[in-house]
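One letter stands for each residue in the lines below.
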Amino acid sequence: MYELAFTMRERVAGGAVVMELVGEIDILAEQTLGPRMEGVASRCRGELVLDLRAVTFLDASGVRLLLRVRARAARCGARLRVVRGGAMVSKVVRIAGVEAAFVWLEEFPPTVVGSVPA
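In every chain, residue numbers begin from 1 and rise along the written sequence. For a predicted model such as this one, the threshold for reporting local features is a pLDDT of at least 70, and the threshold for listing and counting side-chain atom pairs is 80 or more; totals across whole chains, interfaces and linings nevertheless cover every residue. The side-chain figures draw on all heavy atoms in the structure; neither hydrogens nor water molecules are used.

**Q** Would you explain the overall build of the protein chain in this entry?
**A** A helix here means a DSSP run of H or I that spans at least four residues, while a strand means a run of E at least two residues long, and both kinds are numbered starting from the N terminus. What the protein chain contains, in helices and strands, is three helices and five strands. Taking the principal axes of the C-alpha coordinates as reference, the protein chain spans close to 50 × 35 × 30 Å. Going through the 118 residues of the protein chain one by one, you find that 43% of them count as buried. By definition in these notes, contact holds between two residues if any of their heavy atoms fall within 4.5 Å. Taking as baseline every contact in the protein chain between residues at least 6 positions apart, the subset at least 24 positions apart corresponds to 71%. Summed over its atoms, the accessible surface of the protein chain is roughly 6,600 Å², and 58% of this surface lies on carbon and sulfur atoms. Within this scheme the basic residues Lys and Arg register as positive and the acidic residues Asp and Glu register as negative, but His and the chain ends are omitted. The atoms used to mark charge sites are NZ of Lys, CZ of Arg, CG of Asp and CD of Glu. Looking at the protein chain, you have 16 positive and 13 negative side-chain charges, and the mean spots of the two groups are 6 Å apart. Per-residue accessibility, obtained with a 1.4 Å probe over protein chains only, is compared with the maximum for each type, and a residue is labelled buried under 20%, exposed over 50%, and partly exposed between these values. For the accessible areas, the method is Shrake-Rupley and the probe is 1.4 Å, while residue cover comes only from the protein chains on display.

**Q** Help me understand helix α1 (residues 27–43), please; the structure alone is not making it clear to me.
**A** Between its first and last C-alpha, α1 extends 24 Å over 17 residues, near the 24 Å set by a 1.5 Å rise per residue. The term bend refers to the angle at a residue between two fitted axes, each drawn through seven residues, those ending there and those starting there. Along α1, the sharpest change in direction is near 50° and occurs at L33; proline P35 comes one to four residues later. Two or three places before L28, at the start of α1, stands the capping residue D26, its side-chain oxygen 3.2 Å from that residue's backbone nitrogen. Expected helix span is computed as 1.5 Å times (number of residues minus one). In the analysis that follows, any N or O atom pair within 3.5 Å is treated as a polar contact, provided that within protein one partner can donate a hydrogen and the other can accept it, and provided that, for residues neighboring in sequence, both atoms belong to side chains.

**Q** Explain a nonpolar patch on the surface here, please?
**A** A cluster of nonpolar residues, L4, I27 and L28, forms a patch on the protein surface that exposes about 240 Å² of accessible area. One can find I27 in helix α1. Exposure above 30% relative accessible area and the lack of any salt bridge qualify a residue for a patch; like charges then connect within 9 Å, and the nonpolar side chains Val, Leu, Ile, Met, Phe, Trp and Tyr within 5 Å. Throughout this description, the term salt bridge denotes a Lys or Arg side-chain nitrogen within 4 Å of a carboxyl oxygen of Asp or Glu.

**Q** I keep staring at the sheet that holds strand β4 (residues 79–83) and nothing clicks. Help me out?
**A** Within a beta sheet, neighbouring strands are joined by backbone hydrogen bonds and run either parallel or antiparallel to one another. Strand pairing is assigned whenever DSSP identifies at least 2 bridges connecting the two strands. The five strands are arranged β1-β2-β3-β4-β5 in an open sheet whose pairing can be described as mixed. If you trace the sheet from one side to the other, it starts and ends with β1 (6–13) and β5 (104–105), each paired once. Judged from the eight bridges that link them, strand β2 (residues 16–25) and strand β3 (residues 47–58) form a sheet pairing that is parallel. By the bridge assignment for β3, V22 is matched with A54.

**Q** Can you help me understand the pairing of β2 in this one?
**A** Across a regular strand the side chains alternate sides, sitting on one face of the sheet and then on the other. Along β2, eight of the 10 residues are buried, which leaves the element largely enclosed by surrounding structure. Taken together, the eight bridges between β1 and β2 define a ladder with antiparallel strand orientation. Across the sheet, the residue bridging to R9 is E20, located in β2. Here β1 folds back onto β2, and the loop between the two strands holds two residues, one of which, G14, carries a positive phi near 60°. With the strands pointing away from the viewer, any crossover whose connection runs clockwise from the first strand over the helix to the second is right-handed. Remark: the β2/α1/β3 crossover connection has right-handed handedness.

As structure tokens, then:
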């Protein structure tokens, strides 16, 4: 049996709906995950976070998927933020010229400046 090289986990954290992508985000991932991710984005009315930290590969199809989710979130009133992936993922996003299309987080949940641990 063939095992997919990608997964998506959906959870709620820090008051945001989080979609965590894992593995290789390529054309098969775009076709398989696209409808599910757009569905999540269309139901979200607040914070939506796309976590790319566990992405090991991203190609043009993966970039197109990110843009589709961004467009759906915007149409449905969600505020989309993206947690940066590794160096390869960041490089592909930069080369594709779409880095400015997203609000980037270096980590999630973001740390609160000036907070004191209890």
